[in-house]
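Descriptive analysis of the structure
Read off the chains here:
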Amino acid sequence: MTAMTSSASPARSPRPPLNRRLAEFGTTIFAEMSALALRTGSINLGQGFPDTDGPEEIREAAVRALRDGRGNQYPPGPGVPELRAAVVDHQRRRYGLTFDPDTEVLVTAGATEAIAAALLGLLEPGDEVVALEPYYDSYAACIAMAGGTRVPVTLRPSEGSGEGGGDRRFRLDLDELRDAVTDRTRLLLINTPHNPTGTVLTRQELTAIAELAVERDLLVVTDEVYEHLVFDDAEHLPLASFPGMRERTVTIGSAGKTFSFTGWKVGWVTAAPALVAAVRSAKQYLTYVASGPFQYAVAEALSLPDSYFEEFRADMRAKRELLAGGLEQAGFKVFRPAGTYFITTDIRPLGESDGFAFCRSLPERCGVVAIPNAVFYDHREHGAPFVRFAFCKRTEVLADAAARLKSLTAPGTAPTR
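Residues numbered from 1 in each chain as written. Predicted model: local features only at pLDDT ≥ 70, side-chain atom pairs only at ≥ 80, totals over all residues. Heavy atoms only, no water.

Section: the packing of aromatic side chains
Both the distance between ring centres and the angle between the ring planes are used here to describe each pair of aromatic rings. By the definition in use, this model includes 20 aromatic pairs. For the ring pair Phe 170 and Phe 335, a centre distance of 4.8 Å and an interplane angle of 50° mean the geometry is tilted. Placement of the pair is Phe 170 in strand E6 (residues 169–171) and Phe 335 in strand E11 (residues 333–335), with a sequence separation of 165 residues. With a relative accessible area of 0%, Phe 170 lands in the buried category. For Phe 335, a relative accessible area of 1% gives the class buried. Aromatic pair Tyr 226 and Tyr 341: ring centres 5.5 Å apart, planes at 80°, arrangement edge-to-face. Taken together, the residues Tyr 226 in the loop between strand E8 (219–223) and strand E9 (249–254) and Tyr 341 in the loop between E11 and strand E12 (342–346) connect sequence positions 115 residues apart. Judged by its relative accessible area of 4%, Tyr 226 falls in the buried class. Looking at Tyr 341, the relative accessible area reads 0%, which means it is buried. (Phe/Tyr/Trp six-rings, centres within 6.5 Å; stacked < 30°, edge-to-face > 60°. Helix = DSSP H or I, 4+ residues; strand = E, 2+ residues; numbered from the N terminus. Buried < 20%, exposed > 50% of the residue type's maximum accessible area, 1.4 Å probe, protein only.)

Topic: a nonpolar patch on the surface
Together, Leu 120, Met 145 and Leu 286 give the surface a local cluster of nonpolar side chains, amounting to about 230 Å² of exposed area. Mapped onto the fold, Met 145 is located in helix H5 (residues 137–145). (Patch = residues over 30% accessible without salt bridge, like charges linked within 9 Å, V, L, I, M, F, W, Y side chains within 5 Å. Areas by Shrake-Rupley, 256 points an atom, 1.4 Å probe, with all protein chains shown as cover. Salt bridge = Lys/Arg side-chain N within 4 Å of Asp/Glu carboxyl O.)

This is the structure we're talking about:
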């Protein structure tokens, strides 16, 4: 008999488990810093969630929906009719924008899913996405998952002459934005009011963005979750309300930031029917549906009187002033936000320049946790000296944090825990 020879399959080179598109994204900085806050017993001004619940009547509306059996089973794919109608009414009353609740509104599992579904539904591999840098970390991950290429346009700090740095802000270079658009650009990803810098884009800036989008036939995804948190003379202007933008803009809203129920995860998209259909095509394979009883409660929340929104904004403005004042006394250079509930600071006046190292040492130094802005940049060097603090906390917590931060400029002073 002739012996049979065995031929082994050629060895394959090992491949790591993680999809290469996500290889650059590890555990989010929010998880890391929140764990650090727990481990050290520090005040967590890093992650942007309130430490109190929103209106009692809205919480009771959710309880009522649960008890009445509304939303305990799968809600309709586009969202419950009551919430879609409330979103339409909100956009009409606030901004004069009209939408069809059946074809131009889609309810999502928070704004994060809305962003993911919009990018997955609208992008092809190789498409370029121009995004304002620094940007919320999920933007980069979602662009990568969709096979797109992110093209950052950096918002740059501008020194103002106002008392207490009141005119300091991060500004958009419109020429840089225009130069970033190429024949491969599919869409612009815009965030205003802007997290993390607190910038609110002006009418002039939004007009230029709209003109560029129309001229180059671009889609725009605009994240407006902080629409009700604008301060002083700032005004939130939906990009969809500008000439030529209604049919090319996907607008993202959320209940979490406005009503302080971030755990409910109720967001929405408003756009022309073809755009909503594209987003829905991706969304239905993510969560399919979510937050059934909470959708009914948010429908009631959107109908709250103007006084609620005014009081909410006034409360956050007072908290902004409390924390900003404490940060200035501690030696930070403070960029007072025109919107959102975050304050960006420059740590160089403290003799520091590495935001990562600073934030990792801050809990031991004074018992406070913050977020290094560099995680929101492709160009890490541009964000290196900037650190973000959240002020959506109770007044007494912010006062305690401000007192602790003063120890940074008082050698030998031990933090109060």
